[in-house]
Amino acid sequence: MTNDKLWQGRFSSPMNQTLETFSESLSFDWQLYSDDIAQSLAHCEMLVKQGIISEDTGHEITRALREIKEELDSGALKLDPKWEDIHMAIEARLIEKVGASGGALHTARSRNDQVATDLRLYVRRGIGEIRGLLKDLMAAFIDQARRHIDLILPGLTHLQHAQAVRFSHHLMAYVEMFHRDDERLRDALKRVNVCPLGSGALSGTTFPIDREFVARKLGFDDVTRNSMDAVSDRDFVVEVLAAFSLIMVHLSRFAEDMIIWNSLYARLIELPDALTTGSSMMPQKKNPDGAELTRGKAGRVFGHLIALLTVLKGLPMTYNRDLQEDKEPLFDAINTVGGCLRMMTLLIKGMKPLGERMEEATRLGYLQATDVADYLVRKGVPFRSAHEVAGKVVSYAIKNGKELSDLEIEELKRFNASFEEDVFKVLIVERGVDQRRGTGMTGREAVLSHIAYAEANYLKEYKEV
Ligand code: ARG
C-alpha cells in the first residue's frame, strides 16, 4: 500500500492495493506522455504570462518538463505504476526534480480537463497518421490501376459473372471508398481540434487564465464553450472510431476480393512469396494471411466503437472515472487500423494480376448478355422483350455447351429476326467495356480520367506533407 499520492490530503489511510492495481491507467496512458508535456509547457507559459505563477518557477518547471520529455523519449525514465496515471507520474517526477514549487504547475487545472486535452492532441496525431497511410494506400491502388489499364475481368454481382469490367475500374472503386474515409477524418478533425483546457474539474477556475493563448500554442482552432460538456465529451473519439470502422469495412472487403482472386478457383492474381505464409502441414500451401488477418481484425475495431458508445450512454454529468475506459479502445484501434493499412498497401503493391487468366475468365459466363439485349433495343425491340430474347439465347447456348461468341447468325435469328451480322461486334467483350464511356463508367477513357482525377484531388495534401 502506498500513502504518497499527490491527492492524499483528505485521506487518513493509504489506498488499498487491489483498488490501486484495478484503477491504474499508467500501463496504457503512458502513450499520452508527449501530449501531456506539450500541454503542460503551454499551460505553464500561460500561468507566467498571466502573473499566476512567478517567472522563476515557470522557468524551473519548463526546464524540468523538457528534461522529463527527453528521459521518456530515451527510455531512461521508468514510470512507477503507483502514480496511477501519466499525469500524476509526470507531475511526481517534476516535483522530484524541482521540489515543491513543481506543484505550482497544476494551478488552475484539473486532471479532468488535462486528460480531455491530451486525448484531443493524441487523436489529432492519430488522424494525421491514418490519413497519411490512407493516401499511401490510395497511391498503391492508383499505380496498379494505371499500370494494368488494359486488363479486363468479369465483374460480379451475387458473386456470379455479371458484366465485364476493367481490372482498373474494380481497383478504383476502392480508391473512392478510401477517399471518403479520408474526408470523414478531415471533417472529424474540426470537432477534435477544440481545446477544453481551462474547464477545470467541471466548472472552470477562479484564476484569470488565458484559454485562447493556450489553445493557440497547442495548435487548436478554438476553445470549448461549456466546461461541463468539455470534461465529459468523448464524442470526438466515437466519431473517429466510427470512421475507423468504415476504413476496416473497406479494407476487409478488399481483403476478401484479394483472397478470392488468389484462390485456386479464380487464380486471377499472384501474391509475392514474401507476403504470403506457408502451412505447417501442407507443403504446397501459400496463404494470403495478411489479407485474412485484416478481414479478421475488422471485428476488433467495430468492438472498440461499441465499447465506447456503451461506456458513454449512461454517464451522468460530468466527469466519471468510467471515461478512463476510452483509451484502450482508441489506442488499439489506431494501432490496428494503421497496421492493416500498412499490410494492405504492401499486398496491393505486390500483387501481380494474371492477365491471361482474366481474359480466359472473361470469355466465360455470358458477360455480353446485357449488351445483346441492348443491341435488340437499338433495333427497335422494347427492352423487356429484348431481355427475354437475350435470356433465351443464353439458355440455348448453355444447353449446347457454347459461349455467345460461338453462335452462328442462323442460330440467333431463330430467337429474333432483328439479329444481323453486326451483332458479332457486340459480342466482343472489350468493345462492350469501352463503350461505357460516361463519367464513372468502365470504358478505357472514363477510367483513365477517373485515375487522373483521383491523382490530382485525393492525394493532394499527402504530396504537400
Ligand atoms: N486517468 C484518468 C482518465 O483517464 C485521468 C483523469 C482522472 N480524474 C479524476 N478525477 N480521477 O480519465
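Just above sits the structure.
Residues numbered from 1 in each chain as written. Predicted model: local features only at pLDDT ≥ 70, side-chain atom pairs only at ≥ 80, totals over all residues. Heavy atoms only, no water.

Trainee: Can you help me understand the overall build of the chain in this one?
Mentor: If you tally the helices and strands in the chain, you get 20 helices and 6 strands. Computed over the C-alpha atoms, the radius of gyration of the chain is 30 Å, more than 25% above the 23 Å expected from 2.2 N^0.38 for a compact globule of 465 residues. Dimensions along the principal axes, computed over C-alpha positions, put the chain at roughly 100 × 50 × 40 Å. The 465 residues of the chain split such that 50% are buried. Long-range contacts, defined here as pairs at least 24 residues apart, represent 77% of the contacts in the chain between residues at least 6 apart. Counting only carbon and sulfur atoms, one obtains 54% of the accessible surface of the chain, whose full area is about 22,600 Å². (Helix = DSSP H or I, 4+ residues; strand = E, 2+ residues; numbered from the N terminus. Rg over C-alpha atoms; globule rule 2.2 N^0.38 Å. Buried < 20%, exposed > 50% of the residue type's maximum accessible area, 1.4 Å probe, protein only. Contact = heavy atoms within 4.5 Å. Areas by Shrake-Rupley, 256 points an atom, 1.4 Å probe, with all protein chains shown as cover.)

Trainee: Looking at this model, I keep getting lost on the site of the ligand. Mind explaining?
Mentor: The full set of residues close to the ligand is Ser25, Asp85, His87, Arg111, Asn112, Val115, Tyr319, Gln324 and Lys327. Aspartate 85 places a polar side-chain atom, nitrogen or oxygen, 3.1 Å from a nitrogen atom of the ligand. Within the side chain of lysine 327, an N or O atom sits 2.6 Å from an oxygen atom of the ligand. Relative to its unbound accessible area of 340 Å², the ligand is 87% covered by the protein chains. It is helix α6 (residues 111–147) that provides the largest number of residues to the shell around the ligand, a total of 3 residues. Residues of the shell around the ligand, tallied by class, amount to 2 nonpolar, 4 polar and 3 charged. (Near = heavy atom within 4 Å. Polar contact = N/O pair within 3.5 Å; in protein donor to acceptor, adjacent residues only side chain to side chain. Nonpolar A, V, L, I, M, F, W, Y, C, P; charged D, E, K, R; others polar.)

Trainee: I would appreciate a short explanation of the pattern of salt bridges in the present structure.
Mentor: When the charged atoms of two side chains with opposite charge come close together, those side chains can pair. A full pass over the atoms with the stated rule returns 38 salt bridges. Notably, a salt bridge pairs lysine 69 with aspartate 73, separated by 2.8 Å at the nearest N-O pair. A residue pair is termed a helical-turn pair when its members lie 3 or 4 positions apart in one helix, as lysine 69 and aspartate 73 do in helix α4 (residues 55–74) at 4 residues. Across the pair arginine 131 and aspartate 182 runs a salt bridge whose closest N-O atoms are separated by 2.7 Å. Linking arginine 131 in helix α6 with aspartate 182 in helix α7 (residues 167–192), this pair joins segments that are 51 residues apart in sequence. Here arginine 131 falls in the buried class, since its relative accessible area comes to 9%. Look at aspartate 182 and you get buried, because its relative accessible area is 4%. Overlapping salt bridges bring together Glu67, Glu71, Arg93, Glu96 and Lys97 as one network. (Salt bridge = Lys/Arg side-chain N within 4 Å of Asp/Glu carboxyl O.)

Trainee: Sorry if this is basic, but what is going on with the pairing of strand β2 (residues 160–166) here?
Mentor: Side-chain direction in a regular strand flips from residue to residue, so the side chains alternate between the two faces of the sheet. With 6 bridges joining them, strand β1 (residues 152–157) and β2 adopt antiparallel strand pairing. Its bridge partner lying in β2, isoleucine 152 is registered against arginine 166. A loop of 2 residues connects β1 with β2, the two strands running antiparallel in sequence, and histidine 158 in this loop sits at a positive phi of about 55°. (Pairing = 2+ DSSP bridges.)

Trainee: What exactly am I supposed to notice about the nonpolar core here?
Mentor: Grouped burial of nonpolar side chains is what soluble globular proteins tend to show. Counting residues in hydrophobic clusters, the biggest one holds 109 residues, and the most contacted among them are Phe244, Ile247, Phe254 and Met258. Here this core takes 15 residues from helix α10 (residues 235–262), the largest share from any one element. Apart from residues no more than four positions distant in its own chain, phenylalanine 244 is found in contact with Ile130, Leu185, Val301, Ala333, Ile334 and Val337. Among the nonpolar cores identified, the runner-up in size contains 21 residues, and Val372, Val389, Leu404 and Val426 belong to it. (Core = buried A, V, L, I, M, F, W, Y, C linked by side-chain atoms within 4.5 Å.)

Distances and angles like these do not, on their own, reveal function.
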